Number of protein chains: 2
Amino acid sequence: MPAKRVTLADVAKRAGLSSAAASMILNGRPDTRLSKEAHERVHAAAAELGYRPNLAARGLRTDKTQTIGFVSDLVATTRFASGLITGALGAAEKASHVLLVTETGGDARRETDAIAALVDRQVDGIVFATMRARDLFIPDLPETTRVVLLNATNTRYPLSVLPDEEAGGRAAVDLLVAAGHRDGIVLLGQNDDVERELFRSSTISRRAAGIRAAMRAHGLEFASEESIWLWEPRNGYDATRALFERDPGVRALVCMNDRLAFGAYQALGDLGLRVPDDVSIVSFDNDELASYLRPGLTTIGLPHEEMGARAIELLLADGATPEGETLVDMPIVERASVAPPRA
Amino acid sequence: MPAKRVTLADVAKRAGLSSAAASMILNGRPDTRLSKEAHERVHAAAAELGYRPNLAARGLRTDKTQTIGFVSDLVATTRFASGLITGALGAAEKASHVLLVTETGGDARRETDAIAALVDRQVDGIVFATMRARDLFIPDLPETTRVVLLNATNTRYPLSVLPDEEAGGRAAVDLLVAAGHRDGIVLLGQNDDVERELFRSSTISRRAAGIRAAMRAHGLEFASEESIWLWEPRNGYDATRALFERDPGVRALVCMNDRLAFGAYQALGDLGLRVPDDVSIVSFDNDELASYLRPGLTTIGLPHEEMGARAIELLLADGATPEGETLVDMPIVERASVAPPRA
DNA sequence: TATGAGTGCTGAATCCATTTAGCACCGCCG
DNA sequence: CGGCGGTGCTAAATGGATTCAGCACTCATA
């Protein structure tokens, strides 16, 4: 690239036309009456000079920047967030847009600052993503700013993209039932009696609702429900050990997430029990972990990337926007942790 | 926020001054001779109206956008990339900058497009990050664009940020030696005889070099070196089983990464061997996994976040820039996988 | 031969903040 | 009283693209 930026005026001059004409031609305006020759000359000149429009100047005039703000509470911690970003990045790229990414740590002040920074840069729209789907607080925004919520909901902004947790929950149970399980099924992580008042997050309650609906539909009941506050491997381990000491007849585990399942694997190993011969396991998230486990963990995946992509598509789709929630299917990834119950 | 954007002219009018004066005051220009009253009136007006400068307009004039491009080959796959981004995001936020993030998948064409998109938006600088530190290809850029490489090197752009793998490699071996290991130490993942010609990545070869240097310094030799092409748990599992079938006298494993170590844990478990009583393990990366393992894996961490932050700091530091490579210390995270060798 | 429609294009305003050159005024000195 | 230096501020240009209003022509029609 040359030292001096090539401007539209340079292109116009080389083509022997006004910059007005050059602008219209390069933007492919339909109703213009410029000659074929003019078109050719301008395009040739632009190509020869390596012209690239200055988007700051264009943005100043048109109030469109081809830039989308992506506000996330956490990108580092979970792979979930980076999946969302990757999906969003891909969709944005397809639409020749670019993503201004910010991270707020869930802190209201940082969130306000981040939004100000984005608005100052005239983003065309903002995607708010959160890791623990909740009703998100959103500061005031210019009315023209389009907003899509990703893994979150908000009363003021109706457009949101969520995983279809209800269906996912049902799928998990169906998997077990299809393998022949009816008794000794335990729900690991959630206990509605204990947690009725607890705010976990709206998507998690849908997951639980789906699980319960499927159990009812099959006329089954959980042998027990284990409430676990923190869904980390260590807690899954402890809960599983305690569970089997109390009730050795457990044949299947529905784990609320893969980390819990990972802990369960470890506990089962220490107890001399084998997956899936002695106990079957289904879980949620399709964490990286799930593929590392031996045998592979069957899990209902969180469709991060597709969700990210959908959010951008929704943001960019003008006109026919599907109001309300967009539910994205959770993929059922069957590995090797489910088998018929031992006789 | 009001429907119409507040412009500098609005502020100036309300303060009873010209926009030139308002601009100077709001930007805190030092040598200006405007009165104290003028300062107060302008600041008051700006506050009352909620004035926010239009950065597109400013950028057009000043060629500074307070925006940094972050080009990464992969953000989704490894947590490594998101750590880099998080670190970069934090440092950028401190400096009131914002990050335009793009992902290229390592594809040259997407890379070129991404850079064009960033240059079009007049970014102040670009950070190129790659997951597998390599000599990165970078298309032509305007001469004024500052560039920092993150986990990569390039002959044309000397500024780069890398983990101090050589020191990290030495630290891993030192840990084992300090616990009393001298014999039966195996290097899992790398075999210089086999891989001499193989291009893995420049940082990995430094890691290996550090490991070897420390062994030499202690007057030790590996009982064996296992070459593994893909550093995934499955491969670590297979290699470890084969290793112990061949040589049951192995007392310690230096794993080239945590996923390999994870596989080794699984294999050891299946073989009835315990970590760290029967065999000690040190590894690299401080993957999320490492904390999930039982007992916790002692590992030399990749300082993602600090690296990301340093890259931004380097980019923004004008003047006294440390030419060349900035090496970031790898944290030694001691958990429970190293113990004195069994007698 | 005006009149009108159509064709191909341009001039100038506009978006908003920054910045340079310089105006108007004051008090003071010789 | 003329001139000089300092003080406090403003007009206008600038950056680059978009866009509206309209100019200068040609050709056909009444």
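Residues numbered from 1 in each chain as written. Chains lettered and ligands numbered in written order. Predicted model: local features only at pLDDT ≥ 70, side-chain atom pairs only at ≥ 80, totals over all residues. Heavy atoms only, no water.

1. Re the interface of chain B and chain A
Size of an interface: often given as the accessible area lost when the parts come together.
Okay, step 1: Chain B puts 53 residues into the contact, and the matching count from chain A is 53 residues.
Okay, step 2: Carbon and sulfur atoms make up 54% of the surface buried where chain B meets chain A, a total of about 4,800 Å² over both sides.
Okay, step 3: Linking chain B to chain A there are six salt bridges.
Okay, step 4: Counting across the interface, chain B meets chain A through 18 residue pairs in polar contact (both at pLDDT 80 or more).
Okay, step 5: Looking at the side of chain B that touches chain A residue by residue, the classes come out as 25 nonpolar, 12 polar and 16 charged.
Okay, step 6: In terms of strand pairing, strand β2 (residues 98-103) of chain A meets strand β2 (residues 98-103) of chain B through three bridges, oriented antiparallel. When the sheet's bridge partners are listed, Leu100 of chain A is paired in β2 of chain B with Leu100 of chain B. (Contact = heavy atoms within 4.5 Å. Buried area = accessible area lost by both parts, 1.4 Å probe. Salt bridge = Lys/Arg side-chain N within 4 Å of Asp/Glu carboxyl O. Polar contact = N/O pair within 3.5 Å; in protein donor to acceptor, adjacent residues only side chain to side chain. Nonpolar A, V, L, I, M, F, W, Y, C, P; charged D, E, K, R; others polar. Pairing = 2+ DSSP bridges. Helix = DSSP H or I, 4+ residues; strand = E, 2+ residues; numbered from the N terminus.)

2. A word on the sheet that holds strand β1 (residues 67-72) of chain A
Okay, step 1: Spatial ordering of the open sheet is given by β11(A)-β5(A)-β4(A)-β3(A)-β1(A)-β2(A)-β2(B)-β1(B)-β3(B)-β4(B)-β5(B)-β11(B), a layout of 12 strands whose pairing is mixed. The sheet is open, and its two edges are formed by β11 (325-328) of chain A together with β11 (325-328) of chain B, each paired on a single side. Taking the axes of each pair of neighbouring strands and ignoring which way they run, one obtains an average angle of 25° across the sheet. (Axes fitted to C-alpha atoms, helices over the stretch in contact; angles between N-to-C directions.)

3. Digging into the domain arrangement of chain A
Okay, step 1: One can read the domain layout of chain A as domain 1 (8-53), domain 2 (66-163 + 304-328) and domain 3 (165-302).
Okay, step 2: One C-alpha centre belongs to domain 1 of chain A, the other to domain 2 of chain A; they are set 36 Å apart. (Domains from an automatic or database assignment.)

4. Digging into the protein's contact with DNA strand C
Okay, step 1: Around DNA strand C sit 25 residues, and of these Arg33 and Ser35 of chain A together with Leu8, Arg58 and Arg61 of chain B come closest.
Okay, step 2: For DNA strand C, the backbone portion of the atoms within 4 Å of the protein, that is sugar and phosphate, comes to 59%.
Okay, step 3: Interatomic distance of 2.8 Å between a backbone N/O atom of Ser18 of chain A and a phosphate oxygen of DNA strand C.
Okay, step 4: Here a phosphate oxygen of DNA strand C and a backbone polar atom of Ser35 of chain A are 2.5 Å apart.
Okay, step 5: Examining the composition of the surface near DNA strand C, we find that four residues originate from one element, helix α4 (residues 55-62) of chain B, more than from any other.
Okay, step 6: Among the residues forming the surface near DNA strand C, the class breakdown is 12 nonpolar, eight polar and five charged. (Near = heavy atom within 4 Å.)

5. Let's talk about the protein's contact with DNA strand D
Okay, step 1: Neighbouring DNA strand D are 27 residues; Leu8, Arg58 and Arg61 of chain A together with Arg33 and Ser35 of chain B lie closest to it.
Okay, step 2: Those atoms of DNA strand D that come within 4 Å of the protein belong to sugar or phosphate at a rate of 58%.
Okay, step 3: Looking at the surface near DNA strand D, the elements with two or more residues in it are α2 (19-26) and α4 (55-62) of chain A together with α2 (19-26) and α4 of chain B.
Okay, step 4: Take the surface near DNA strand D: its biggest share by element is five residues, from α4 of chain A.
Okay, step 5: For the surface near DNA strand D, the class distribution of residues is 13 nonpolar, eight polar and six charged.

6. Re helix α9 (residues 202-217) of chain A
Every α-helix carries 3.6 residues per turn, so stepping three or four residues along brings you back to the same face.
Okay, step 1: The terminal C-alpha atoms of α9 of chain A lie 22 Å apart, and with 16 residues this matches the ideal 22 Å at 1.5 Å per residue to within 8%.
Okay, step 2: Note on α9 of chain A: the residue one or two positions beyond its end, Gly219 of chain A, has a positive phi of about 70°. (Expected span 1.5 Å × (residues − 1).)

7. Side note on empty space enclosed by the protein
Okay, step 1: Overall, the coordinates contain four cavities of 30 Å³ or more when judged by the stated rule.
Okay, step 2: Counted as a void, the largest cavity has a volume near 250 Å³.
Okay, step 3: Taken together, 16 residues make up the lining of the largest cavity; nearest its centre are Thr65 and Arg121 of chain A together with Thr65, Thr67 and Arg121 of chain B.
Okay, step 4: Going through the elements one at a time, α4 of chain A together with α4 of chain B are the ones with two or more residues in the lining of the largest cavity.
Okay, step 5: For the lining of the largest cavity, a count of residues per class yields six nonpolar, seven polar and three charged.
Okay, step 6: The volume enclosed by the second largest cavity comes to roughly 70 Å³.
Okay, step 7: In terms of lining, the second largest cavity is formed by Asp287, Glu288, Leu289 and Tyr292 of chain A together with Asp287, Glu288, Leu289 and Tyr292 of chain B.
Okay, step 8: Those elements giving two or more residues to the lining of the second largest cavity turn out to be α12 (288-292) of chain A together with α12 (288-292) of chain B.
Okay, step 9: Among the residues making up the lining of the second largest cavity, the classes are represented as four nonpolar, no polar and four charged. (1 Å grid on protein atoms, 1.4 Å probe; cavity = no way out; pocket = protein on both sides within 12 Å on 5 of 7 lines; lining within 4 Å. Points joined across faces, edges and corners; volume = space filled by probe spheres on them.)

8. So, the packing of helix α7 (residues 165-178) of chain A against α9 of chain A
Residues and elements named next belong to chain A.
Okay, step 1: Where α7 meets α9, the axes come as close as 7 Å, and the angle between the chain directions of the two elements is 40°. The orientation of α7 relative to α9 falls into the category oblique. Handedness of the crossing formed by α7 with α9: right-handed. Between α7, through Glu165, Glu166, Gly169, Arg170, Val173 and Asp174, and α9, the contact on the second element is made entirely by Thr203, Arg206, Arg207, Ala209, Gly210, Ile211, Ala213, Ala214 and Met215.
Okay, step 2: Residue classes in the contact of α7 with α9 are distributed as six nonpolar, three polar and six charged. (Parallel < 35°, antiparallel > 145°, perpendicular 65-115°, else oblique. Left-handed = near helix turned anticlockwise from the far one by under 90°.)

9. Side note on the relation of the copies chain B and chain A
Okay, step 1: Least-squares fitting of chain B to chain A yields an RMSD of 0.1 Å, with the transformation described by 0.0 Å of translation along the axis and a rotation of 180°. In the structure described here, the two chain copies are related by an operation that fits a two-fold rotation axis.
Okay, step 2: A share of 100% of the interface residues of chain B reappears at the interface of chain A, consistent with the copies meeting face to face through the same patch. (Least-squares fit on C-alpha atoms with pLDDT ≥ 70 in both.)

10. Quick look at a nonpolar patch on the surface
Residues and elements named next belong to chain A.
Okay, step 1: On the surface, Val194, Trp229 and Leu230 cluster together into a nonpolar patch covering about 340 Å² of accessible area.
Okay, step 2: Mapped onto the elements, Val194 comes out in helix α8 (residues 192-195).
Okay, step 3: Judged by its relative accessible area of 48%, Val194 is partly exposed. (Patch = residues over 30% accessible without salt bridge, like charges linked within 9 Å, V, L, I, M, F, W, Y side chains within 5 Å. Areas by Shrake-Rupley, 256 points an atom, 1.4 Å probe, with all protein chains shown as cover. Buried < 20%, exposed > 50% of the residue type's maximum accessible area, 1.4 Å probe, protein only.)

11. Section: the environment of Pro331 of chain A
Residues and elements named next belong to chain A.
Okay, step 1: Position of Pro331 among the secondary structure elements: in the loop between β11 and β12 (332-333).
Okay, step 2: What makes Pro331 partly exposed here is its relative accessible area of 37%.
Okay, step 3: In the structure, Pro331 is positioned 163 residues away from Gly168 in sequence and 7.9 Å away in space, judged by C-alpha atoms.
Okay, step 4: Beyond its immediate sequence surroundings of up to four residues, Pro331 is in contact with Thr299, Ile300, Gly301 and Pro303.

12. A word on the sheet that holds strand β7 (residues 224-227) of chain A
Residue and element names in this part refer to chain A.
Okay, step 1: Overall, mixed pairing links the six strands, which are arranged β7-β6-β8-β9-β10-β12 in an open sheet. The two strands at the open ends of the sheet, each matched to only one other strand, are β7 and β12.
Okay, step 2: The sheet contact formed by strand β8 (residues 252-255) and strand β9 (residues 280-285) spans three bridges and is parallel. Within the sheet, the bridge partner assigned to Val254 lies in β9 and is Val282.
Okay, step 3: Together, β6 (185-189), β7, β8 and β9 form the strand contacts of α9, whose direction differs from that of β9 by roughly 145°.

13. A look at the nonpolar core
Okay, step 1: In this structure, Phe70 and Ile281 of chain A together with Phe70 and Ile281 of chain B are the most contacted members of the largest nonpolar core, which totals 148 residues.
Okay, step 2: Apart from residues no more than four positions distant in its own chain, Phe70 of chain B is found in contact with Leu84, Ile85, Ala88, Leu99, Leu100, Val101, Thr102, Leu118, Val127, Ala129 and Leu150 of chain B.
Okay, step 3: Listed in part, the 34 residues of the second largest apolar core include Ile126, Phe128, Leu136 and Ile138 of chain B. (Core = buried A, V, L, I, M, F, W, Y, C linked by side-chain atoms within 4.5 Å.)

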